[in-house]
Amino acid sequence: MADAKVIPFDDDRSRSGAARRRSVLPGSGRGQVPAAAGTAPVSALPGGQVPEAAAQGAAPPQEPLEGSRSEGWDRRIAGGLAFLRRRVTGDYDVDEFGYDEELTDQVLMSVLRPLADKYFRVEVKGIENIPSDGGALIVANHSGTLPLDGLMLQVAVHDNHPAQRHLRLLAADLVFMLPVVNELARKAGHTLACAEDAERLLQRGEVVGVMPEGFKGIGKPFGERYKLQRFGRGGFVSTALRAGVPIVPCSIVGAEEIYPMIGNAKTLARVLGIPYFPITPTFPWLGPLGALPLPTKWTIQFGEPIETDGYPPEAAEDPMLMFNLTDQVREQIQHTLYKLLVQRRSVFF
């Protein structure tokens, strides 16, 4: 930071005429420096000497500010070089599922965060319903033609929770069959949507996310937006019961409109081996540009947790209990979706 230019006190050009007249006090010697309010007059100072700073009309020297911009950039560069060195030498840790926490925090989150904060402008509510420690199962609705809602949910939990908890998403088999996506998903902490992996993560105290609608949710037509599809047989409930962790319902509004699906080329989907081939107002008509999602305004709300630790161990095998809890979670998510839609003023603002 450049030093500010100090104008000498005796420079008449720096003062108005009234200010120059006030500088000569009645009964004082010409040019005597007037005492500021609440301070001792110059004559009262030891020896009656004028302090050097006052005599020169300059403010006392200030210490340079700590954490200057240059120092901040130095730290960033040093941290980046250290990160690259660990990547090259292999000096980093991954867990048994392939999760790379450092890569997720430093790279993947940095890529997704502008999309969540600036593009979709995600608003998060009820984050306090996710416990600060221990396992928890977040159950959310699924929509949007492409599963961007899962990624935005991961960013929302990490960036808004006071403990910066990491969400471990359960993904479909198709995700782990794609060459590049498979590796990135594992590095980001995602794992196969099976009861065994989910239970192991929950018992380790992780926050696990599941979207029971699956492809039925993200592949539904635009006319059925925000209408929850079937939640399966309640496997996520039995997993939470066995692990004794709370179930946190989550409602996501805004993802339905990013790719309004007005058609489905089923024959082409079968040829490509994918669940559906979406047709939207922009895709495939605009080519790659049509794959750009619309900048809708998102809201993610976490509801009151449903506790499961009070049930006996054999409760996980009770089909009636699983049906009731599954229906309770589904109804709570659907009710919150309707409430958020009523409160929403615009799809984009």
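Criteria and cut-off values
Residue positions are given per chain, counting from 1 as you read along its sequence in written order. Reporting of local features is limited, given that this is a predicted model, to residues whose pLDDT is at least 70; pairs of side-chain atoms are given and counted only at 80 or more, and all residues count toward the totals for whole chains, interfaces and linings. Water and hydrogen atoms play no part in the side-chain values, which are based on all heavy atoms of the structure. Elements are defined by DSSP. Helices are runs of H or I of four residues or more, strands are runs of E of two residues or more, and each kind is numbered from the N terminus. A helix is expected to span 1.5 Å multiplied by its residue count minus one. Relative accessible area decides the class of each residue, using a 1.4 Å probe on protein chains only: under 20% of the type maximum gives buried, over 50% gives exposed, and in between gives partly exposed. Contact definition: two residues touch when any of their heavy atoms are within 4.5 Å. Per-residue confidence from the prediction method is given by pLDDT, with values spanning 0 to 100. For this analysis, a nonpolar core means a set of buried residues of the types Ala, Val, Leu, Ile, Met, Phe, Trp, Tyr and Cys, connected via side-chain atoms within 4.5 Å. Only one rule defines a salt bridge in this text: a Lys or Arg side-chain nitrogen within 4 Å of an Asp or Glu carboxyl oxygen. One requirement defines pairing of two strands: DSSP has to find at least two bridges between them. Axis angles are defined between N-to-C directions and span 0 to 180 degrees, where every axis is a line fitted to C-alpha atoms and, for a helix, only to the segment in contact. Only protein atoms enter the 1 Å grid, on which a cavity is a set of points fitting a 1.4 Å probe that cannot get out and a pocket is an open set with protein on both sides within 12 Å along at least 5 of 7 lines, lining residues being those with an atom within 4 Å of a point. Grid points are joined across faces, edges and corners, and a volume is the space filled by probe spheres set on the points. For this classification, the nonpolar set comprises Ala, Val, Leu, Ile, Met, Phe, Trp, Tyr, Cys and Pro, the charged set comprises Asp, Glu, Lys and Arg, and every other residue, Gly included, is treated as polar. What makes a patch is a set of residues exposed beyond 30% relative accessible area and free of salt bridges, joined within 9 Å when like-charged and within 5 Å when nonpolar (Val, Leu, Ile, Met, Phe, Trp, Tyr). Here the open area of atoms and residues is found with the Shrake-Rupley method and a 1.4 Å probe, where only the protein chains shown may cover a residue. Aromatic pairs are defined between Phe, Tyr and Trp rings, using the six-membered ring for Trp, whenever the two ring centres lie within 6.5 Å; interplanar angles under 30 degrees are classed as stacked, those over 60 as edge-to-face, and all others as tilted. Only lysine NZ and arginine CZ atoms are considered, and such an atom sits over a ring when it is within 6 Å of the ring centre and within 35 degrees of the ring normal. Left-handed describes a crossing in which the near helix is turned anticlockwise from the far one by less than a right angle; the clockwise case is right-handed.

The name an unreviewed UniProt entry gives the protein is 1-acyl-sn-glycerol-3-phosphate acyltransferase, with Streptomyces clavifer as the organism.

A word on helix α5 (residues 148-160). Taking 1.5 Å as the rise per residue, α5 with 13 residues should run 18 Å; its terminal C-alpha atoms sit 18 Å apart, in good agreement. α5 sits mainly inside the fold: 10 of its 13 residues count as buried. Among all positions of α5, only L148, D149, G150, M152, L153, Q154, V155, A156, V157 and H158 are buried. Tucked into the core, α5 has its buried residues touching α4 (101-119), β1 (123-125), β2 (136-140), β3 (167-171), β6 (247-253) and β9 (299-302).

A few words on the environment of V107. With respect to the secondary-structure elements, V107 resides in helix α4. For V107, a relative accessible area of 30% gives the class partly exposed. Placed 81 residues apart in sequence, V107 and A188 show a C-alpha to C-alpha distance of 9.9 Å. Residues within four places of V107 in sequence aside, it is in contact with F83 and E102.

This brings us to the confidence of the model for the protein. Across the protein, pLDDT averages 83, with 81% of residues at or above 70. Confidence over residues 1-48 falls short of pLDDT 50; this stretch has 27 contacts with residues more than four positions distant or in other chains. Below a pLDDT of 50 lies the segment residues 50-56, which in the model reaches seven contacts outside its immediate sequence neighbourhood of four places, other chains included.

In this structure, L137, V139, F236 and V329 are the most contacted members of the largest nonpolar core, which totals 29 residues. Looking at this core, the elements that each hand over two or more residues are β2, α7 (195-203), β5 (207-210), α9 (235-243), β6 and α11 (319-343). Contact partners of V329, with chain neighbours within four places excluded, come to V139, F231, F236, I247, P249 and I306. Core analysis: the next-biggest nonpolar cluster, separate from the first, contains 28 residues, I130, L169, V248 and I258 among them.

Opposite charge on two side chains makes pairing possible when the charged atoms of those side chains draw close. One pass over the full model with this rule turns up 14 salt bridges. Across the salt bridge formed by E206 and R168, the nearest N and O atoms sit 3.6 Å from each other. Here E206, found in the loop between α7 and β5, pairs with R168, found in strand β3; they are 38 residues apart in sequence, far enough to count as distant. Accessibility assignment for this pair places E206 and R168 in one class, buried. Three or more residues are tied together by salt bridges with common partners; here these are D95, E96, R168, D197, R200, R204 and E206.

Glancing now at the sheet that holds β2. Backbone hydrogen bonds are what pair the strands of a sheet, in a parallel or an antiparallel way. If you walk across this open sheet you meet the seven strands as β1-β9-β6-β2-β5-β3-β4, and the pairing is mixed. The two strands at the open ends of the sheet, each matched to only one other strand, are β1 and β4 (191-192). Pairing of β2 with β5 involves four bridges; the strand directions are parallel. Following the sheet pairing, V139 is matched in β5 by V210. Strands in contact with α9 are β2, β5 and β6; relative to β2, the strand with the most contacts, it is inclined by about 165°. In this fold α11 packs onto β1, β2, β6 and β9, with an angle of close to 30° to the strand it touches most, β6.

With that out of the way, let us pick up empty space enclosed by the protein. The final tally for this structure, using the stated rule, is one cavity of 30 Å³ or more. As a volume, the largest cavity reaches approximately 50 Å³. Forming the walls of the largest cavity are G144, T145, G217, I218, K220, P221, F222, E256, Y259, P260 and M261. Looking at the lining of the largest cavity residue by residue, the class counts come to six nonpolar, three polar and two charged.

Turning to a nonpolar patch on the surface, a few remarks are in order. The grouping of W73, I77, L81 and L84 at the surface amounts to a nonpolar patch, some 440 Å² of accessible area in total. Summarising the element assignment, I77 is placed in helix α3 (residues 69-89). Residue classification places I77 among the partly exposed residues on the basis of a relative accessible area of 49%.

Here the structure, examined in full by the defined rule, presents four aromatic pairs. Residues F231 and F236 carry aromatic rings whose centres are separated by 6.1 Å and whose planes lie at 75° to one another, so their mutual orientation is edge-to-face. Pairwise contacts between aromatic rings join Y119, F120 and W298 into one cluster. Of note, R186 hangs over the ring of F176, and the distance from its end group to the ring centre comes to 4.4 Å.

Next up on the list: the packing of α7 against α9. Any two packed helices are characterised by the angle at which their axes cross and by the distance between the axes. Closest axis-to-axis distance for the α7/α9 pair is 9 Å, and the angle between their directions is 35°. Handedness of the α7/α9 crossing: right-handed. Note on element contacts: α9 touches α7 through T239, R242 and A243, opposite A195, A198, E199, L202 and Q203. Of the residues in the contact of α7 with α9, the class split is four nonpolar, two polar and two charged.

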